[in-house]
Amino acid sequence: MTAETIFQNFPNLSDTQKDQFLRIGDLYADWNRKINVVSRKDIDELYLRHVLHSLGIARVHTFLPGTEVLDVGTGGGFPGIPLAILFPQVQFTLVDAIGKKIQVVNDVIEGLGLENASARQVRAEAMKGSFDFVVSRAVAAMPTFVHWTRDRLRPGGKPGGLANGILYLKGGDLSEELAPYPQARTYPLSDYFQDPFFETKQVVYLPETACR
């Protein structure tokens, strides 16, 4: 699967965005030859399993200009880097505890010329500052993730969209871990993307008020 998959699902990309999505494949392939950034079996499916999956968050919420987003446990840069390409007027901070992964993320950010993204080696619970949204891909069960990140969320929200909160990419049966959060909403990605990969994948939205 190629970048054409992204272009088909997001037809209003600028030439700059298209170029960045095209280059992302080569950048990760080059790094994966040095260290195992993305699973070896997944590198050929990078655009489906990592880039398009990350952009599932954009099907649920459109980040408005000036929004500040924290990507926790970003690994090789997902979902933060694809979202930073899609929303160039939104500021993304990508964090991970593993230094080698942050080295890769910084290199990809530089290689893509992303001026709205930065990466830091730090654990989520040691982060300072506050953000409008926290995003991530299944780094922990929701109660644990909320414990790590609730102090990073600022109250409020901009008109016309979701209130500030967590947007979390998860798969499988989430009923048990979401039981403590009756305000949580789930959005099946199979409603937006046709590939069988997305049949069990969801975006979980938890407003800031439910994280206190």
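Summarised in this report is the structure supplied together with it.

Calculation rules
Residues numbered from 1 in each chain as written. Predicted model: local features only at pLDDT ≥ 70, side-chain atom pairs only at ≥ 80, totals over all residues. Heavy atoms only, no water. 1 Å grid on protein atoms, 1.4 Å probe; cavity = no way out; pocket = protein on both sides within 12 Å on 5 of 7 lines; lining within 4 Å. Points joined across faces, edges and corners; volume = space filled by probe spheres on them. Nonpolar A, V, L, I, M, F, W, Y, C, P; charged D, E, K, R; others polar. Salt bridge = Lys/Arg side-chain N within 4 Å of Asp/Glu carboxyl O. Helix = DSSP H or I, 4+ residues; strand = E, 2+ residues; numbered from the N terminus. Buried < 20%, exposed > 50% of the residue type's maximum accessible area, 1.4 Å probe, protein only. Contact = heavy atoms within 4.5 Å. Pairing = 2+ DSSP bridges. Axes fitted to C-alpha atoms, helices over the stretch in contact; angles between N-to-C directions. Polar contact = N/O pair within 3.5 Å; in protein donor to acceptor, adjacent residues only side chain to side chain.

1. Quick notes on the layout of surface pockets
Approximately 300 Å³ is the volume found for the largest pocket. Around the largest pocket, the lining comprises 20 residues; the ones closest to its centre are His50, Gly73, Phe78, Arg137 and Ala138. For the lining of the largest pocket, the class distribution of residues is seven nonpolar, seven polar and six charged. Counted as a void, the second largest pocket has a volume near 180 Å³.

2. Concerning the pattern of salt bridges
In the structure shown here, the tally under the stated rule is five salt bridges. One salt bridge in this structure joins Arg154 and Glu68, with 3.0 Å as the shortest N-O distance. In this pair, Arg154 sits in the loop between helix H6 (142-149) and strand E5 (165-171) while Glu68 sits in strand E1 (residues 68-72), placing the two residues 86 residues apart along the sequence. With a closest N to O distance of 2.9 Å, Arg212 and Glu208 form a salt bridge. Take Arg212: its relative accessible area is 68%, and that puts it in the exposed class.

3. A look at unusual backbone geometry
Between Phe78 and the following residue, Pro79, the backbone shows a cis peptide bond with an omega angle of 10°. Mapped onto the secondary structure, Pro79 falls in the loop between E1 and helix H4 (80-86). Residue Ala138 is not a glycine yet carries a positive backbone phi of 45°. Residue placement: Ala138 occurs in the loop between strand E4 (133-137) and H6.

4. Concerning the environment of Phe78
Its place among the elements puts Phe78 in the loop between E1 and H4. Residues Phe78 and Ser54 lie 24 residues apart in sequence; the distance between their C-alpha atoms is 6.2 Å. Setting aside chain neighbours within four positions, we find Phe78 in contact with Tyr28, Val38, Leu46, His50, Val51, Ser54, Asp71 and Arg137.

5. A few points about the sheet that holds strand E2 (residues 91-96)
The strand order across the open sheet formed by seven strands is E3-E2-E1-E4-E5-E7-E6, and the pairing between neighbours is mixed. The outermost strands of the open sheet, each flanked by one partner alone, are strand E3 (117-121) and strand E6 (185-188). Within this sheet the neighbouring strands show an average axis-to-axis angle of 20°, counted without direction. As defined by bridge partners, E5 adjoins strand E7 (residues 201-207) across seven bridges and the pair is classed as antiparallel. If you follow Gly165 over to E7, its bridge partner there is Pro207. Each of E1, E4, E5 and E7 touches H6; the most contacted strand, E5, lies at about 150° to it.

6. Brief notes about empty space enclosed by the protein
Over the atoms, a rolled probe matching the size of one water molecule traces out where space is still vacant. Inspection of every chain in the model, using the stated rule, returns one cavity of 30 Å³ or more. As a volume, the largest cavity reaches approximately 60 Å³. Around the largest cavity, the lining residues are His61, Thr62, Phe63, Leu64, Thr67, Asp132, Phe133, Gly157, Lys158, Gly161, Leu162 and Asn164. Here the residues of the lining of the largest cavity sort into four nonpolar, six polar and two charged.

7. As for the environment of Ser54
If you trace the backbone, Ser54 turns up in helix H3 (residues 46-60). Along the sequence, Ser54 and Tyr168 sit 114 residues apart, while their C-alpha atoms lie 9.9 Å from each other. Every residue in contact with Ser54, bar those within four places of it in the chain, is listed here: Phe78, Pro79, Pro82, Leu83, Arg137 and Leu169. Here His50 takes part through its backbone oxygen, which lies 2.6 Å from a polar atom of the side chain of Ser54.

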